[in-house]
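Listed below are the residues making up each chain.
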Amino acid sequence: MEPPPKERSWKKAPRISRHQRISTRYMRDRWERFLSQDKRGMLMIEGVPVDELVARYGTPIYVYVESEIRKRAQRFKKVFGPEIGLQFAVKCNSNLEILRILREEGFELDCSSVGELILGLLADYKPKQLSFTNLYKNERDLFFATKMGVQSVTADSIEDIEQIARTAKKLKKHIDVAIRVNPMLEIGSYSTRDNKYGIPIGYIDRAIDLARKSPFVDLNGFHFFGGYVHETRVYKAAARAMIKLVRRCQDRGIKIKSLSLGGGFPAAVGDEHAFPIEDMKDFPRWFNRLVERNGIVNPLRLVFEPGKSIVLNAGIGLTKVVSKKRLGLKKRMVVVDSSAYNFVPDALVQEGLHYDLLPASKMNAPRIHKLTVGGNTCDAWEIISKDLHMPKLRAGDLLAIMDVGAYAQVMASNFNTIKRAAIVLMRPDGTTKLIRRRDRYSEMFAPELDVLKIAGRDELEHYNNLYRVNVDKYWRGQVKRRKGRNGNGNGNGHSPLAKKFRELEEAAAR
Ligand SMILES: Cc1ncc(COP(=O)(O)O)c(C=O)c1O
């Protein structure tokens, strides 16, 4: 697939310094294609030293490597071939530019909310390339999905089927429905018995009957989502269980046209092992034989919904050390200008997760001690990583948090009222493009200010980047304000916020 045409927003490729391989003590095979270092010991991404990226975009920042995303998408395409549908799971990385890249690579989308359906449209997918799968949809969600004409809606429970049936009747529109099934698998240490997804297999006949009762519900698919799958045989076991259901439906005259086996393909963080997608290369042939053996006569489209396995390892978080602390004789800590809450939330959510952190500005320095990396929020539990072998670090040094391309930016919050980081896309020729800017205060405060009316929206626009302007002038209300859209922008320090600042200043002087 051709890379997208050059746009004006792409920054010119900087002069690429000579680069060298990264020392084996840090390197992992999965980064070989895009990581190197220069002779200063500065980490390079696609041949660009990270200090140049930081000089241009600041920290903390996510850097996504476009070639890695495309290569992983192409590997999936190659393994599964043109017959099997691939739907990228938007929930793991919903950046519009990433969705656009995956459209170019021939993917459809698995959307879990109306918001994600809208993102799909914004990224130029056709409604029929979007499926809508989650645990609960309200009537308005279903109105939206049905009116736009999505590929299918997945029902996750008996109540979900009832809701879909009610809405379809109200709209007098047919809805293509897939039922999500929990086949109650037990394979070694893997089990779906405690899963919240889908209708347990013992209740499936009831669910099918219910769907069939509604004249507007067109039951034509089954869906399985297995969570974290670490063995290929899980997909085979799920396929066997689902094909039996397809056969039962066929015997009752119900034509099942699609079968989704979800996502869940592993992607490594730290020293975890993830089976390569090539381990699934016999799957398409095996599946066709399964279909034949079970006497399925109608064409059945098989779908997978990979998420993290496409993007996780293509994302790097760059952050800066802001302070160091010595905690007794042996314990050391550095604090960085990002946090688990605002930048890499999986550090909080996933117990036992150990990100690889590279000393990005000191790749050649000897590792002399173990340390903990603490985030910059005021929560004592908030630690990004522990027991890292690191060189001596001081304020200003850069760290690269590896493998943060999925479930990081999308799950990051504004905890401590901190802006979430920007995202830069990096191309193989070293050009970069800002694909998401940092948050703005006006956006962060809007849900409250809209109802509490403490300050007008126009006024807040002036406070978007407070630290970039002269805060003293704001403090004294000396900043000239432009007239707001609704005429309420008041210059000369009479705005409510300027007034508050003045009161505070007076109080402080007393
Ligand atoms: C329905 C569905 N499909 C696909 C995925 C993607 O999973 P992963 O990122 O593990 O591949 C998810 C994740 O929650 C999901 O809920």
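See the structure shown above.
Residues numbered from 1 in each chain as written. Predicted model: local features only at pLDDT ≥ 70, side-chain atom pairs only at ≥ 80, totals over all residues. Heavy atoms only, no water.

Q: Would you mind showing me how to read the nonpolar core here?
A: Generally speaking, a soluble globular protein has its nonpolar side chains buried in company with each other. One finds Phe-80, Phe-222, Phe-283, Phe-287 and Phe-304 to be the most contacted residues of the largest nonpolar core, which totals 113 residues. Examining the composition of this core, we find that ten residues originate from one element, helix α8 (residues 232–251), more than from any other. Both of domain 1 (29–66 + 312–436) and domain 2 (126–306) provide at least three residues apiece to this core. The residues touching Phe-222, leaving out its near neighbours within four places in the chain, are Ala-178, Ile-179, Val-181, Ile-208, Met-242, Leu-245, Val-246, Cys-249, Ile-256, Ser-258, Leu-259 and Ser-260. (Core = buried A, V, L, I, M, F, W, Y, C linked by side-chain atoms within 4.5 Å. Buried < 20%, exposed > 50% of the residue type's maximum accessible area, 1.4 Å probe, protein only. Helix = DSSP H or I, 4+ residues; strand = E, 2+ residues; numbered from the N terminus. Domains from an automatic or database assignment. Contact = heavy atoms within 4.5 Å.)

Q: Is there a simple way to think about the site of the ligand in this case?
A: The environment of the ligand is formed by 15 residues, the closest being Gly-264, Glu-305, Gly-307, Lys-308 and Tyr-407. The backbone of Gly-264 places a nitrogen or oxygen atom 2.8 Å from an oxygen atom of the ligand. Residues belonging to the shell around the ligand are distributed by class as follows: five nonpolar, five polar and five charged. (Near = heavy atom within 4 Å. Polar contact = N/O pair within 3.5 Å; in protein donor to acceptor, adjacent residues only side chain to side chain. Nonpolar A, V, L, I, M, F, W, Y, C, P; charged D, E, K, R; others polar.)

Q: So what exactly am I meant to see when it comes to the sheet that holds strand β2 (residues 43–45) here?
A: Strand pairing within a sheet occurs via backbone hydrogen bonds; the two strands may be parallel or antiparallel. Taken in spatial order, the three strands line up as β1-β2-β3 in an open sheet, and their pairing is antiparallel. Edge positions in the sheet fall to β1 (35–37) and β3 (48–49), since each has one partner strand and no second. Where β1 and β2 come together, three bridges link them in antiparallel fashion. Paired with Leu-35 across the two strands is Ile-45, which belongs to β2. (Pairing = 2+ DSSP bridges.)

Q: Would you mind going over helix α6 (residues 158–171) with me for this structure?
A: Residues three or four positions apart in an α-helix share a direction because the helix packs 3.6 residues into each turn. Between its first and last C-alpha atoms α6 spans 20 Å; for 14 residues at 1.5 Å apiece the expected length is 20 Å, and the two agree. Turning to α6, its buried residues number three or more, namely Ile-158, Asp-160, Ile-161, Gln-163, Ile-164, Ala-165, Thr-167, Ala-168 and Leu-171. In this structure, the buried residues of α6 make contact with α5 (139–148), β8 (152–155), β9 (175–182), β12 (199–200), α7 (204–213) and β13 (217–223). Once α6 ends, the next one or two residues include Lys-172, with phi positive near 55°. (Expected span 1.5 Å × (residues − 1).)

Q: Got a minute to help me understand the packing of aromatic side chains in this structure?
A: Two aromatic rings are characterised by how far apart their centres lie and by the angle between their planes. Following the criterion strictly, the structure yields 15 aromatic pairs and no others. When the ring of Phe-283 is compared with that of Trp-286, the centres are 5.3 Å apart and the planes differ by 45°; the resulting orientation is tilted. Within this pair, Phe-283 and its partner Trp-286 are both found in helix α9 (residues 283–293), separated by three residues, close to a single helical turn. Its relative accessible area of 11% is what places Trp-286 among the buried residues. Members of the aromatic cluster, joined through ring pairs, are Phe-76, Phe-80, Tyr-235, Phe-265, Phe-283, Trp-286, Phe-287 and Phe-304. Looking at Lys-419, its charged tip hangs above the ring of Tyr-441, at a distance of 4.3 Å from the centre. (Phe/Tyr/Trp six-rings, centres within 6.5 Å; stacked < 30°, edge-to-face > 60°. Lys NZ or Arg CZ within 6 Å of the ring centre and 35° of its normal.)

Q: I'm lost on a nonpolar patch on the surface in this one. Help?
A: Side chains of Leu-96, Ile-118, Leu-121, Leu-122 and Phe-144 sit close together on the surface and give an oily, nonpolar patch of about 390 Å² of accessible area. The element contributing the most residues to the nonpolar patch is helix α4 (residues 114–122), with three residues. Among the secondary structure elements, Ile-118 is positioned in helix α4. (Patch = residues over 30% accessible without salt bridge, like charges linked within 9 Å, V, L, I, M, F, W, Y side chains within 5 Å. Areas by Shrake-Rupley, 256 points an atom, 1.4 Å probe, with all protein chains shown as cover. Salt bridge = Lys/Arg side-chain N within 4 Å of Asp/Glu carboxyl O.)

Q: Mind showing me how you'd approach the packing of α5 against α6 here?
A: Two quantities define a packed helix pair, namely the angle between the axes and the distance from one axis to the other. Look at α5 against α6: their axes get within 10 Å of each other, and the N-to-C directions meet at 60°. Put simply, α5 runs oblique to α6. Of the two possible hands of crossing, α5 and α6 adopt the one that is right-handed. Between α5, through Glu-139, Leu-142, Phe-143, Thr-146 and Lys-147, and α6, the contact on the second element is made entirely by Gln-163, Ile-164, Thr-167, Lys-170 and Leu-171. Of the residues belonging to the contact of α5 with α6, the class tally is four nonpolar, three polar and three charged. (Axes fitted to C-alpha atoms, helices over the stretch in contact; angles between N-to-C directions. Parallel < 35°, antiparallel > 145°, perpendicular 65-115°, else oblique. Left-handed = near helix turned anticlockwise from the far one by under 90°.)

Q: Would you mind showing me how to read the environment of Arg-140 here?
A: For Arg-140, the position within the fold is in helix α5. By relative accessible area, which is 70% here, Arg-140 ends up exposed. For Arg-140 and Val-114, which are 26 residues apart along the polypeptide, the C-alpha to C-alpha distance reads 9.1 Å.

Q: What is the right way to look at the pattern of salt bridges in this model?
A: Between side chains of opposite charge, pairing is possible as soon as their charged atoms come close. Considering all chains together, one arrives at 31 salt bridges under this definition. Of the charged contacts, one joins Arg-70 and Glu-105 as a salt bridge, the two residues approaching to 2.8 Å between their closest N and O atoms. Linking Arg-70 in helix α2 (residues 66–80) with Glu-105 in the loop between α3 (96–104) and β6 (108–111), this pair joins segments that are 35 residues apart in sequence. Like Glu-105, Arg-70 is buried. One salt-bridge network, in which partners are shared between bridges, spans Glu-66, Arg-70, Glu-97, Arg-100, Glu-104, Glu-105, Arg-427 and Lys-433.

Q: Would you mind going over a positive patch on the surface with me for this structure?
A: Taken together, Arg-240, Lys-244, Arg-285, Arg-289 and Arg-293 make up a surface patch of like positive charges. Every element with two or more residues in the positive patch is listed here: α8 and α9. A per-element tally of the positive patch places α9 first, with three residues. In this structure Arg-240 comes out as partly exposed when scored by relative accessible area, which is 42%. (Lys, Arg positive; Asp, Glu negative; His and termini not counted. Charge placed at Lys NZ, Arg CZ, Asp CG, Glu CD.)

Q: I keep staring at the side chain of Ser-385 and nothing clicks. Help me out?
A: Looking at the element boundaries, Ser-385 is found in strand β20 (residues 383–390). Overall, Ser-385 belongs to the buried group, its relative accessible area being 4%.

Q: When you look at the pairing of strand β22 (residues 422–426) in this model, what are you seeing that I'm missing?
A: Every other side chain in a regular strand lies on the same face of the sheet, so the side chains alternate between the two faces. Of all five residues in β22, five are buried, a share of seventy percent or more. Judged by which residues are buried, β22 turns out to be covered on both faces: Ala-422, Val-424 and Met-426 on one side and Ile-423 and Leu-425 on the other are all buried. With five bridges joining them, strand β4 (residues 61–65) and β22 adopt parallel strand pairing. By the bridge assignment, Val-63 is partnered in β22 with Val-424. Sheet topology note: the β22/strand β23 (residues 432–436) ladder contains four bridges and is antiparallel. Bridge pairing links Leu-425 to Lys-433 in β23.

Q: Explain the packing of α6 against α7 here, please?
A: Between α6 and α7, the shortest axis-to-axis distance is 10 Å and the interhelical angle comes to 5°. The angle between α6 and α7 falls in the class roughly parallel. Judged by residue contacts, Ile-158, Ile-161 and Glu-162 of α6 engage Arg-206, Ala-207, Leu-210 and Ala-211 from α7. When grouped by side-chain class, the residues that make up the contact of α6 with α7 number five nonpolar, no polar and two charged.

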